[in-house]
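As a plain string of letters, each chain reads:
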Amino acid sequence: MISSENCKERFLEGITDAYIYPSVNAVLPVPFSVAQILRMNNCKFGDALLHIATAEETYVVADTLSAKSTPERNGNGTVFSLEISATITDGKENVRETQRKIAIEGDDYYIVLRREDGQLLLCYTLPKTFSFKANTSLSQSEEQMSLSISCKSMSDFISITIRQN
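The written sequence of each chain sets the order in which its residues are numbered from 1. Reporting of local features is limited, given that this is a predicted model, to residues whose pLDDT is at least 70; pairs of side-chain atoms are given and counted only at 80 or more, and all residues count toward the totals for whole chains, interfaces and linings. With hydrogens and water set aside, each side-chain value is computed from the structure's full complement of heavy atoms.

J.: How should I be thinking about the overall build of the protein chain in this particular structure?
T.: Tallying secondary structure elements over the protein chain gives one helix and eleven strands in all. Of the regular secondary structure in the protein chain, the N- to C-terminal order runs β-β-β-β-β-β-α-β-β-β-β-β. Computed over the C-alpha atoms, the radius of gyration of the protein chain is 16 Å, within 12% of the 15 Å expected from 2.2 N^0.38 for a compact globule of 165 residues. Over its C-alpha atoms, taken along the principal directions, the protein chain stretches across nearly 55 × 50 × 35 Å. Under the scheme applied here, a residue whose accessible area is under 20% of the maximum for its type counts as buried, over 50% as exposed, and between as partly exposed, the area being computed with a 1.4 Å probe on protein chains only. The buried share of the protein chain, reckoned over its 165 residues, is 43%. The contact criterion used is simple: two residues touch if any of their non-hydrogen atoms lie within 4.5 Å. Considering only contacts within the protein chain whose residues lie at least 6 apart along the sequence, 69% involve residues at least 24 apart. Positive and negative side-chain charges in the protein chain, numbering 16 and 21 respectively, have mean positions lying 7 Å apart. Numbering of helices and strands starts at the N terminus; helices are DSSP runs of H or I of at least 4 residues and strands are runs of E of at least 2. With C-alpha atoms as the basis for the radius of gyration, the globule rule is written as 2.2 Å multiplied by the number of residues raised to the power 0.38. Lys and Arg are tallied as positive, Asp and Glu as negative. Neither His nor the chain termini are counted. One atom stands in for each charge, and that atom is NZ of Lys, CZ of Arg, CG of Asp or CD of Glu.

Here it is in structure tokens:
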């Protein structure tokens, strides 16, 4: 009997930044419907809707930032569930404002991750699969915010370069 590989998961280490870009402003050389893309060069994005960082002083700082890819085989081939999670320590109001904008506009977004070595990885979102959830927990002594961003893709994390204008 051959066992299925439906639920293999891969965690990505060394993520320092996550950027959320509106898909309407992006220029990508390969369409989202092409499966199993490994690399893309000369990608162009507009302004980031949100930038989450772990090490620098930005308007949203995360204590932890992680990314996970889970492939699942179906009738159309392999579809990857990509999940980014963060524990926000500073900039909670900016996260809430971003969540409000996403809910109102209802557009699709791309996620770009930066690794410690500077490598950029694209989460190439399939239409209408982007999800952005910010959960807030309040207690007598503190406020905690956890952020979960997910999407579906025909490719795993894609190594990219960004075109310089």
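Continuing now.
J.: Please clarify how helix α1 (residues 92–105) should be interpreted in this entry.
T.: When the terminal C-alpha atoms of α1 are compared, their 20 Å separation across 14 residues agrees well with the 20 Å that a helix rising 1.5 Å per residue should span. Within the span of α1, buried status applies to K92, V95, T98 and I102. Taken around the axis of α1, the buried residues stretch over an arc of 115 degrees, which confines them to a single face. In this structure, α1 carries E93 and I104 as exposed residues pointing more than 90 degrees from its buried face. The length a helix should cover is 1.5 Å for every residue beyond the first. Working note: the arc is built from the helix axis to C-beta atom directions.

J.: Could you clarify how one ought to interpret the side chain of T78 in this entry?
T.: Within the fold, T78 resides in strand β6 (residues 77–90). On the basis of relative accessible area, T78 is assigned to the buried category, the value being 16%. Ignoring sequence-local partners within four residues, the contact set of T78 consists of Q36, P71, E72, R73, S153 and M154.

J.: Would you explain the environment of S69 in this entry?
T.: With respect to the helices, strands and loops of the structure, S69 is situated in strand β5 (residues 61–74). Remark: the alpha-carbon pair of S69 and C151, spanning 82 residues in sequence, is separated by 10.0 Å. We define a polar contact as two N or O atoms separated by no more than 3.5 Å, with the added condition that, inside protein, one atom must be a possible hydrogen donor and the other a possible acceptor, whereas residues neighbouring each other in sequence contribute only through side-chain atom pairs. At 2.7 Å, the side chain of S69 and the side chain of D156 are in polar contact.

Honestly, that's just the spatial picture; any functional story needs more than this.
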